[in-house]
Every structure is written in structure tokens, then in C-alpha cells.
Amino acid sequence: IVKFIENKKHKKTDIIIAFHSTFYPCDKETQLFGIIEILLSGGLESILLNHLREKLHLIYSLSLSFDTDITGTITTIEVNTSDENVKKVIEQIFLKLKEFNEKKYDRQLLNGAKNKFLIQKAETCKTVQWLSDWYGSQYANQLDKKEKKIYTFEKIINIIEKTTKKELATISKKLFNLKKF
């Protein structure tokens with residue numbers, strides 16, 4: 001659902017687009033959300049930010065977030081733009097998501113996103129707090145399961161390094177189900 005609430009007192013608009021999908025906390029695919037976030041919104045070289053801000057000069061800011069729990073995943077794209085750009089921004093977001101779902105981006109961009117993700121994780125991981133949160137949340141989300149799937153940090157590195165555009169497209173098509181719009 002896309003809804004526009006006009007406020008004539010302001011000249012800028014915040015756009016929030018949310019997608020629901022059936023990815024759950026212990027699904028392997030959720031380990032790749034960070035790569036998707038970096039590819040789409042993780043800096044000026046990212047797909048959405050580069051296209052909407054650098055090339056088309058349509059937006060001021062953009063963020064992408066994932067909220068995964070026992071009901072599934074909500075993927076949210078938040079954009080700030082001028083009122084006159086709202087329609088074009090929404091159209092361009094959907095265009096770029098469609099291209100992303102179809103793997104229409106450079107392999108070097110994927111390799112850069114993997115490296116950026118692994119560097120970010122290496123800088124924040126392996127502290128007592130991080131390890132507690134990492135393993136604690138995995139166990140907490142599987143208390144009712146006899147067979148638990150626990151991912152070590154080393155396993156995640158292996159998953160990230162082997163990730164392909166095809167895998168990301170499969171996940172992306174489920175995260176961004178454009179047929180519903």
C-alpha cells in the first residue's frame with residue numbers, strides 16, 4: 001500500500017515504503033540482508049542512493065531497514081524529497097528494485113558490498129556484548145525448536161563470501177514482491 005498524506009505547510013515529503021515477506025529470524029537468507037542493504041542504500045555508490053540522489057538529484061536522504069521476527073520480515077525504504085518529486089521518486093524506486101531483482105548491477109558492486117559488510121562485522125564483532133547478542137538472539141528465537149540452527153561468525157563469513165547475484169535476486173524477489181504493487 002502506498003499512501004500520500006499531503007501537508008501544505010511543508011515543502012518536503014517523507015516517503016515510507018514497506019514490504020512484508022516470510023523470512024524468519026533463523027532463516028539463512030536473513031544473514032544476507034546486510035549485503036542487500038549495502039547494495040541498495042549503503043553509501044553514495046549504492047544502487048538507490050546513487051541513482052536517486054547523485055544522478056537524478058531527486059532526494060535528500062534514503063535508508064533501508066529490515067525488521068525480522070516470528071511474524072516475518074518488514075523491509076522499509078524511507079526517503080526524504082521535495083513535494084514535487086514524490087511521484088517520480090516512487091516510480092524510480094520501483095524501477096531500481098525491479099532491476100535489482102533481475103540482477104542488473106555490476107558484479108564489482110556486489111564484491112564491494114561483501115567487503116564492506118565483512119569489514120563492518122570485523123570491527124564490531126567478537127566483543128563479549130556482540131557475542132552475547134549474536135548467540136543469545138539465535139537461541140531465543142528457537143526456544144521451541146528441537147533442532148536449532150545456530151550460525152557461527154565463521155559460518156556467516158563463508159556464506160557472505162560465496163553469495164552470488166542469483167542468490168541475492170531470489171531473496172530480493174521475495175523481500176520486494178513488486179507484483180503486489
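An account of the accompanying structure is given in this report. Predicted model, so just to flag it, every value in this text is computed and none were measured. (Residues numbered from 1 in each chain as written. Predicted model: local features only at pLDDT ≥ 70, side-chain atom pairs only at ≥ 80, totals over all residues. Heavy atoms only, no water.)

**Focus: the sheet that holds strand E1 (residues 12–21)**
- With antiparallel pairing, the 3 strands of this open sheet are ordered in space as E1-E3-E2. Of all strands in the sheet, those with a lone pairing partner are E1 and strand E2 (59–69), marking the two edges. Going across the sheet, the axis of each strand differs from the next one's by a mean of 15°, ignoring polarity.
- Across 10 bridges, E1 lies against strand E3 (residues 72–82) in antiparallel orientation. Note that in E3 the partner of Phe19 across the bridge is Thr75. (Pairing = 2+ DSSP bridges. Helix = DSSP H or I, 4+ residues; strand = E, 2+ residues; numbered from the N terminus. Axes fitted to C-alpha atoms, helices over the stretch in contact; angles between N-to-C directions.)

**So, the packing of aromatic side chains**
- Under the criterion given, the structure shown has 7 aromatic pairs.
- With a centroid separation of 5.6 Å and an interplanar angle of 85°, the aromatic rings of Trp130 and Phe153 are classed as edge-to-face. One end of the pair, Trp130, is in helix H5 (residues 128–140); the other, Phe153, is in helix H6 (residues 153–162), and 23 residues separate them in sequence.
- Members of the aromatic cluster, each reached through a chain of ring pairs, are Phe19, Phe94 and Phe176.
- Stacked on the ring of Tyr60, the Lys or Arg Lys12 has its end atom at 4.7 Å from the ring centre.
- In this structure, Lys165 is placed above the aromatic ring of Tyr105, and the distance from its NZ or CZ to the ring centre is 4.8 Å. (Phe/Tyr/Trp six-rings, centres within 6.5 Å; stacked < 30°, edge-to-face > 60°. Lys NZ or Arg CZ within 6 Å of the ring centre and 35° of its normal.)

**Considering the pairing of E3**
- Counting buried residues in E3 gives 9 out of 11 residues, a clear majority hidden from the surface.
- Note that E2 and E3 share 10 bridges and pair antiparallel. Bridged to Thr68 within E3 is Thr73.
- What sits between the antiparallel neighbours E2 and E3 is a turn of 2 residues. (Buried < 20%, exposed > 50% of the residue type's maximum accessible area, 1.4 Å probe, protein only.)

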